[in-house]
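Secondary and tertiary structure notes
Each chain is listed here by its residues.
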Amino acid sequence: MQFTFRWYGRDDPVKPEDIRQIPGVSSVVSACYDVLPGDVWNAKSIETIRSDALDYGLGFEVVEGLPVHESIKLGDSCRDRYIENYIKNLRMLSEHGIRVICYNFMPVFGWIRTCLDRRLPDGSRTLSFSETELKTIDPAQKELSLPGWSFSSQREEMASLMERYRTLGVQGMWTNLRYFLEAVVPEAEKCGIALAIHPDDPPLPVFGLPRIVSSEEDIECLASLVDSPCNGITLCTGSLGSGRQNNLVKIAYRFASEGKIKFVHARNVLFENQIDFVEVGHQTGSGSLNMAEILTALHRGGFDGYLRSDHGRMVWDEQGRPGYGLYDRAMGITYLEGLWEGISTQ
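As a starting point, this report considers the structure included with it. (Residues numbered from 1 in each chain as written. Predicted model: local features only at pLDDT ≥ 70, side-chain atom pairs only at ≥ 80, totals over all residues. Heavy atoms only, no water.)

1. Some remarks on the packing of helix α7 (residues 216-225) against helix α9 (residues 248-257)
The description of two packed helices rests on the angle between their axes and on the distance between the axes. As a reminder of what qualifies: Axis definition: a line fitted to C-alpha atoms, over the contacting stretch in the case of helices. Angles run 0 to 180 degrees between N-to-C directions. Numbered from the N terminus, helices here are DSSP runs of H or I no shorter than four residues, and strands are runs of E no shorter than two. Oblique is the label for any angle not under 35 degrees, not over 145, and not in the 65 to 115 range, which are roughly parallel, roughly antiparallel and roughly perpendicular in turn. Note: crossing handedness is left-handed where the near helix turns anticlockwise from the far helix by less than a right angle, and right-handed where it turns clockwise. Between two residues, a contact is recorded if the distance between any of their heavy atoms is within 4.5 Å. Three classes are used, and their members are as follows: Ala, Val, Leu, Ile, Met, Phe, Trp, Tyr, Cys and Pro are nonpolar, Asp, Glu, Lys and Arg are charged, and the others, Gly among them, are polar.
Direction vectors running N to C along α7 and α9 enclose 15 degrees, while the axes themselves pass 11 Å from each other. Here α7 lies roughly parallel to α9, going by the angle between them. As for the relative orientation of α7 and α9, their crossing is right-handed in sense. From α7, Glu216, Ile219 and Glu220 reach across to α9, where they touch Lys250, Ile251, Arg254 and Phe255. Class assignment of the residues belonging to the contact of α7 with α9 gives a composition of 3 nonpolar, no polar and 4 charged.

As structure tokens, this is what we get:
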């Protein structure tokens, strides 16, 4: 298993020299964030990420993410053109040593939080989700921004875009995901790349939009769409774990055993009621998820892919992308490494 760290490139306040100083971290997870969703990436930009990482002894084998254009998700008449571009990107990334691509099939928004700077009792600031606060947000009227979002549509199109997804519904989303996977998975197999879909975040309806990767049953359905070792998942403990219906330990063991987990986002959340949650430190004692049991399940299931610490708090007055500061994610990954070492030596 390889421990990794997400890096947003040269504009990121977190530098490769900082990441290199985190014990046990061997590579960065990154992407060409300056390219519009659906476009073909620039080989030079990919090589720049690789060389910048390599300068500090770090690898670059996981891309997060390679966005799926809204036309593909909606099943528009122009989707084949965007699928062709996606395949071109797969081939190019393979030539540059990429082995896993984390992507999502969520309508419009990659993930949703209602507050980016919730103050915790210890004085740190974090991301949080509140059902009450969500009801006051209308993305068709007010621009939203979260780290890592890539919009493939203009803001003025938001209202009609969201309505199209509501009309499409869950079954329509599954149909379009199948179409996409049937086209790209055979190419991924040729390239030696695993596709690792990210679960819905959070795994519940937001703004009335359909959700299709929110549970163990959904992951089982995903795997059945195209039977291939390259059709896998990103196990995001904070995403699936923020749905009380999900047994993370069971999910981790089952899909690790089946070889479906290619990438792990490890983080903890603390429930405030049946739906609301805040993101907390990675330690089991900080939140509602038992990280030791989850990692034990992954180990027992034979997981040997890539893992990174996910969203961290902003601690010690650090300024940066909410959820993507250096200090708390660094503490988180070293904690996870310690858990893994202890589990591995039992």
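That was the structure; now back to the text.
2. Observations concerning helix α11 (residues 327-344)
The line we're drawing: Helix span, as expected, comes to 1.5 Å for every residue beyond the first. Exposure classes here rest on a 1.4 Å probe applied to the protein chains alone. A residue is buried below 20% of its type maximum, exposed above 50%, and partly exposed in between.
For α11, spanning 18 residues, the distance from its first C-alpha to its last is 26 Å, which sits close to the expected 26 Å at 1.5 Å a residue. Buried within α11 we find Asp328, Arg329, Ala330, Gly332, Ile333, Tyr335, Leu336, Glu337, Leu339, Trp340 and Ile343. Contact partners of the buried residues in α11: β1 (2-6), β2 (25-30), β9 (261-266), α10 (291-300) and β12 (306-309).

3. Here we look at the pattern of salt bridges
To be explicit about the condition: Put simply, a salt bridge is a Lys or Arg side-chain nitrogen that is within 4 Å of an Asp or Glu carboxyl oxygen.
This structure, assessed with the given rule, holds 23 salt bridges. Of the charged contacts, one joins Glu84 and Lys88 as a salt bridge, the two residues approaching to 3.8 Å between their closest N and O atoms. Taken together, the positions of Glu84 and Lys88, both in helix α4 (residues 79-95) and 4 residues apart, correspond to about one turn of that helix. By relative accessible area, which is 45% here, Glu84 ends up partly exposed. If you follow the salt bridges from partner to partner, you end up with Arg6, Glu64, Arg113, Asp201, Arg267, Glu279, Arg308 and Asp310 in one network.

4. Points about the sheet that holds β1
Where we set the bar: Here a strand pair is declared whenever DSSP counts at least two bridges between the two strands.
Taken in spatial order, the 8 strands of this closed barrel run β1-β2-β3-β4-β7-β8-β9-β12, and their pairing is parallel. The average angle at which neighbouring strand axes cross in this sheet is 30 degrees, direction not considered. For β9 and β12, the ladder comprises 4 bridges, and the chain directions are parallel. Bridging from a neighbouring strand, Phe263 pairs with Tyr306 of β12. Relative to β1, α11 is tilted by about 170 degrees, and along the sheet it contacts β1, β2, β9 and β12.

5. Observations regarding the layout of surface pockets
Empty space left among the atoms is revealed by rolling a probe the size of a water molecule over them. Heads up, the condition is: In this analysis, the protein atoms alone were mapped onto a 1 Å grid. Cavities are point sets where a 1.4 Å probe fits without being able to get out; pockets are open sets with protein on both sides within 12 Å along at least five of seven lines; lining residues have an atom within 4 Å of a point. Grid points are joined across faces, edges and corners, and a volume is the space filled by probe spheres set on the points.
Estimated volume of the second largest pocket: approximately 220 Å³. As for the second largest pocket, its lining consists of 14 residues, and the residues nearest its centre are Arg125, Met314, Asp317, Glu318 and Gln319. The element best represented in the lining of the second largest pocket is strand β5 (residues 115-119), accounting for 3 residues. Along the lines of polarity and charge, the residues of the lining of the second largest pocket split into 5 nonpolar, 4 polar and 5 charged.

6. Let's talk about the sheet that holds strand β11 (residues 277-280)
If you walk across this open sheet you meet the 4 strands as β5-β6-β11-β10, and the pairing is antiparallel. Here the strands that pair on one side only, and so sit at the sheet edges, are β5 and β10 (268-271). On average, adjacent strands in this sheet sit at an angle of 40 degrees to one another, irrespective of strand direction. Alignment of β10 against β11, held across 4 bridges, turns out to be antiparallel. Bridging from a neighbouring strand, Phe271 pairs with Phe277 of β11.

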